[in-house]
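Architecture and fold: a report
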Amino acid sequence: PRAGGWSPMVTDQEPWLQVDLREQMEVTAVATQGRYDSWDWVSSYLLLYSDTGRAWKQYRHEDGVGRFVGNGNSESVVQNKLSHPVRTRFLRFVPLDWNPSGWMGLRVEVYGCSYKSYVADFDGRSSLLYRFNQKSMSTVKDVISLRFKSHQAEGVLLHGEGQRGDYITLELHRGRLDLYLNLDDSRARFSSHRVPVTVGSLLDDQHWHSVHIERFNKQVNLTVDSYTQRFQTKGEGHSLEVDYELSFGGIPLPGKPGTFLRKNFNGCMENLYYNGINVIDLAKRRKPQIHSGNVTFSCSQPQLVACTFVSSSSSFLSLPSASPAVGGFSVRFQFRTWNPEGLLLSVQLNPDPQQLRLQISNSWLRLTLHSSGRQKSEVSAGRRVSDGLWHSVSLDARNLQITLTVDNEPSSTIELWEQVQSRGSFYFGGCAATAPDCQGFAPAFQGCMRLIFINSQLMNLSHVQQGLLGNYNELQFDTCNIKDRCLPNLCEHGARCSQMWSSFSCDCSGTGYAGATCHNSIYESSCEAYKLSGSSSGFYFIDPDGSGPLGPTQVYCNMTEKKVWTVLSHNSTAPVTVQTSSLQKPHVMIFNYSASAKQLRAIVSGSEQCQQEVVYNCRKSRLFNTKDGSPLSWWLDREGEKRSYWGGFLPGVQQCSCSLEENCIDMNYFCNCDADTDTWANDTGVLSYKDHLPVSQIVIGDTDRMGSQAVYHIGPLRCYGDRSIWNAASFYQESSYLYFPTLQAELASDISFYFKTSAPSGVFLENQGLKDFIRVELSSPSVVTFSFDVGNGPAVLSVKSHVPLNDRQWHYVRAERNAKEASVQVDQLPLRFLEAPADGHLRLRLSSQLFVGGTASQQRGFLGCIRSLTVNGVSFDLEERAKMTPGVSAGCPGYCTGSSSLCHNRGRCVEKSNGYICDCSQSAYGGTTCNQEVSVSFDRESSVTYTFQEPFSVMQNRSSQASTSSTDSRAREDVALSFVTSQRPAMLLTVSTFSQQYIAVILATNGTYRNHTWKCCSCASVFFVNANFKNMNMLLVGKEGELNNILVSEELQQKYTLSSDAELILIRSLTLGKVTRMENFDEEVIQGASKGFIGCLSSVQFNHVAPLKVALTNRGSSLVTVRGPLVQSNCGALAESHTLQGKTSTSMTLMICLLRLTNTRKDLAVIAGVVTAVVFITVCALAVVIRLVYQQRRAQRSSGSIKEEHRHSMYTDYRTELHLHNPVRDSVKEYYI
């Protein structure tokens, strides 16, 4: 129409447009248009609805978003369909954004239809009784539906019970709906604690809520509004047997046996149907089967008007004192919130200066009276008032007392010396900027308030909104806009959800998962993955579908062979003897494995090969009937299908292994046992057809003859290989791509893969919807970008590497998006996070296919290799899809060739036929490329002791390479570790020998950051190394009481030597943390050893031994002793991320120890240091060499002194580093004399 439309006055504060539909209507859509022929339109708005026009509720879409998209000009019509229709009379359009060059302007249209309504009003004492025509009613199917609204959080909606013990009760409890249902379950009948099924939240909001219960036999669907809970009843029965009657609105006979003593419902019900019967209609027509007690048929419930405090920093409501009472004052109100902290009320008092403050503190109410001279009095009341429920508060100041009462609980009182009176306004929820003595008490209250009384007078909030009473800021009137962010529960894998007003959090404890929504499994997906991370044989939890729904299971990982075997045992490990079994009464054994059926299927399908040994020893016990070939014994596969082959990988061939191998004792039969001899025979085979494994059941049917006997044994399920790790595809045309089905990633998704390329950019994968999309790409040679749009506008996360990523080496990418945040990680670089908006869209709606290695437009395609692509725990078979795609080939050639840096920190690259692995067994690091720090958090009592199997010098002699060309060849040891601590003194590391020598690395107390103590050959030499973190160039070095100032630049290193007596002989053990055996230790060392170590130790290496790694991966090893708490953590990686902020790195060799210091910021209260000690000790392989060394020492002693060497050269630095990383170095000469 050519009408002008609605446009508010410029002076109107928070304007809105309200529409009265004249009667209850079912609204399905709304449309908006700007004001005619103007520059006035609304670009976004909120939609509120109400039955009465007083209490309003905000409409929210499926994913909780309340914002509606409006217009971009004044003439176009924008229609918004409601994802769930609302039944209401009043609608209110609240503009949020409008044309910045004009003003607000609206023309609106509402779409919907009328509907028939049957309403009943219950006053808390009334009920409706529906009486059956017979004594009892037994049903196998029930359908119950109704709508209700109430302002109370408690009340019974429906109840029925029978003599057999069956019952059904639908109850409003703490603002949620509880359904109690029992079908002939004697345990539930006599139990004092009945467990309900709970659905919904905040149902006491005075707005209509729909309930639908559908039961068939034991299957039940309970739906409240749009949330459905599906469950199965316990007990033996399939029918619900109810005697005499069903009651609605309450339980009329509270003393009746078996009933629940609960409050009756106070509110309205609408369109109440029981198995197709309109109960309210029968009651209105006064039908005899309905008894209505005090029920009226119109909804006349009072509308309690609330206001919402939106901001935790700036919301407040100030109200004047109404008719000041002589001799005191009183305040009453109700509130609800999720926040455990917040200021509820503050008021100035006379005599001045005094202030009374009521606030929520740690979910308790705390009342504080502040007087002059910083004196204050406090009382607390209430428990768990931040639970989202309405709580009533009463504050009364009379008769030299201030009394606080919460929810009719016992009062708390502050005693006064003199009577007080209120002065000025009462501030609710927060303070105005001009309020005296009220600032600085953040946070303000975030929640809802209603029924505010001051001196027994009800405050009219409509007058406040109109500017006629008091003042306010950041408030929403006529609505309590509270939202349950834990409904639905967006925490995954059974994690517990907790919330505040604008956010929620997930407690992942005990779930086996981690992350903001507990999406990521904390376990590896296979034993192969544990092997790549540097682990050794043992029991491990694996999660075969990663972030999928299956969950972790414990397996044994056997890594002693070239192949990594995953072993799953079952309940029958010992051989079983069978007699007297026949086809009519066979022997049956069911095998229960340590994993569920779905987990077993996932493990088997993800492995390269699986097998299970079947051992069958027989005496006159056949496997097949020799006449017709029918089986007399058989086994069932994982699907329960009957199988009668007893070896090999060819199903359907009824033979044993001896037939396949052509070595049966009687070649007339296919099995040894079918010869049916009186002597013992054996049919042992290995089942290896994956689709049938594991064996779920065995049936033996031929041991009922005289002398018949069988002994069988089913071995554990054994699998090896991980099909996904090296599943790769090579893309060699920019226009080529692989396509897969649409990602199922509405609420959460994780994507991980490896890539290598020489191209500067390219799209790894992309999936699009109508507007939404998700994409991961190499946007430049050193930047990986993760971008997506769920309806809140494009979000972009980028990770920039300090080295190029197109270096033809494998790089790891993992991107994740969930309801709370998005993240992306590249290799070991720090994670990049992006928080999701608090009230934004959550669901990623995709419709196209998933493109891997390119896009639908065939532009910006990826050139290179992608492997191990996994999405939400599901591995993609790139190789299979690549075989049928032009421009893409299966596999990726060349893994280790020419790429020695693929494996770091002594890791060794091992070429495989379809990939490579890094052998990290000689490294203190873990991870797929031996670059993941192995870090452990210690406390004061923690220690790890590694005991060498035999005198270490003997071990060294066995493994060292003898050098006949050098008379001074020495065996070498090196020690390296990293630590983070704020403790001093602290014991880092102790090495002890059988000859009572030791090395101790201690953090000193006398103002120094590090104290290295060396003792050997009964001669103590103490060296102090002081690191000034503010000036990395100044080092103080002292020896036996003598101190020298030495200026050390970054490019140079200091070297010191000990006398030739300073040799470690017969190393016994190495201890990290607290030392319990302290014989022959110096006093200073004993002091440090007794204090232990509190902090993080990381990547500890002693030659080829990594004690921390051994302690974590081989806890049962006899070589390792762990005392006190020992917790694996990522503290080492966190410390490294701090040190990367600085660039100074000072290397210094002290005595024969290489000490490497890494700069960190002093303002952190954490001391981070990296200590690397390289110790060179003589080991001689030949008697001549030993004698030459002995003669040289005598010559050195006769000279009487030891000289320091100060050769500061680039060559020396390079040589030291070269020797540190050279794996073959036992024969290298090292002299620092």
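Described in the following lines is the structure provided in the data block. Numbers given for residues are sequential positions, taken from 1 along each chain in its written order. For this predicted model, a pLDDT threshold of at least 70 governs which residues receive local features, and a threshold of 80 or more governs which side-chain atom pairs are given and counted, while totals over whole chains, interfaces and linings are taken from all residues. By convention in this description, side-chain values take in all heavy atoms of the structure and omit both hydrogens and water.

A few words on the side chain of aspartate 637. Numbering of helices and strands starts at the N terminus; helices are DSSP runs of H or I of at least 4 residues and strands are runs of E of at least 2. Assignment of secondary structure puts aspartate 637 in the loop between strand E46 (633-636) and strand E47 (642-643). Overall, aspartate 637 belongs to the buried group, its relative accessible area being 2%. Ignoring any residue separated from it by four or fewer positions in sequence, one finds aspartate 637 in contact with Arg643, His692, Pro694 and Ser696. Accessible area is worked out with a 1.4 Å probe on protein chains only. A residue is then buried under 20% of its type maximum, exposed over 50%, and partly exposed in between. In this analysis, two residues are considered to be in contact whenever any of their non-hydrogen atoms come within 4.5 Å of each other.

It is worth spelling out the sheet that holds strand E20 (residues 290-293) at this point. Two strands form a pair only when DSSP identifies at least two bridges running between them. The strand order E13-E12-E11-E10-E17-E8-E20 describes an open sheet built from seven strands, whose pairing is antiparallel. Taken across any chain shown, the strands that pair with only one partner, and hence form the sheet edges, are strand E13 (197-199) and E20. Pairwise comparison of adjacent strand axes, ignoring direction, gives a mean angle of 20° for this sheet. In this sheet, strand E11 (residues 167-173) lies alongside strand E10 (residues 155-161) in antiparallel orientation, the contact comprising six bridges. Each residue of the ladder has a partner; that of glycine 155, found in E11, is leucine 172. Axes, fitted as lines to C-alpha atoms, cover a helix only where it is in contact. Angles between the N-to-C directions of the axes lie from 0 to 180 degrees.

Here we take up the environment of aspartate 676. Within the fold, aspartate 676 resides in the loop between helix H6 (657-660) and strand E48 (681-687). You can call aspartate 676 partly exposed: its relative accessible area is 25%. Expressed as a C-alpha distance, the spacing of aspartate 676 and cysteine 618, which sit 58 residues apart in the sequence, is 8.5 Å. Every residue in contact with aspartate 676, bar those within four places of it in the chain, is listed here: Lys620, Ser621, Arg622 and Arg705.

Here the focus is the packing of aromatic side chains. Two aromatic rings, taken as a pair, are described by how far apart their centres are and by the angle between their planes. In this scheme Phe, Tyr and Trp rings, the latter by its six-membered ring, pair at centre separations within 6.5 Å, and the angle between planes marks the pair as stacked below 30 degrees, edge-to-face above 60, and tilted otherwise. For the structure shown, the criterion picks out 33 aromatic pairs. Members of the aromatic cluster, each reached through a chain of ring pairs, are Phe309, Phe333, Phe335, Phe428 and Phe445. Lying across the ring of tryptophan 726, arginine 867 places its NZ or CZ 3.9 Å from the centre. Charge over a ring is defined by NZ of Lys or CZ of Arg lying within 6 Å of the ring centre and within 35 degrees of the ring normal.

Relative to E20, strand E8 (residues 127-139) is paired through four bridges, and the arrangement is antiparallel. Pairing of leucine 129 across the sheet is with histidine 291, part of E20. When E8 meets strand E17 (residues 240-248), the two strands line up antiparallel, connected through eight bridges. Bridge pairing links serine 136 to aspartate 243 in E17.

Moving on, we get to the sheet that holds strand E55 (residues 762-768). In space, the six strands of this open sheet follow the order E53-E62-E55-E56-E57-E58, with antiparallel pairing throughout. The outermost strands of the open sheet, each flanked by one partner alone, are strand E53 (738-740) and strand E58 (795-800). Direction aside, neighbouring strands of the sheet carry axes that sit 15° apart on average. Pairing of strand E56 (residues 773-780) with strand E57 (residues 783-789) involves seven bridges; the strand directions are antiparallel. If you follow leucine 778 over to E57, its bridge partner there is valine 784.

In this section: the pattern of salt bridges. Any carboxyl oxygen of Asp or Glu within 4 Å of a side-chain nitrogen of Lys or Arg constitutes a salt bridge here. If you walk through the whole model with that rule in mind, you get 38 salt bridges. One salt-bridge network, held together by shared partners, links Glu62, Glu746, Arg843 and Arg845.

Bear in mind that shape data such as this cannot, by itself, settle questions of function.
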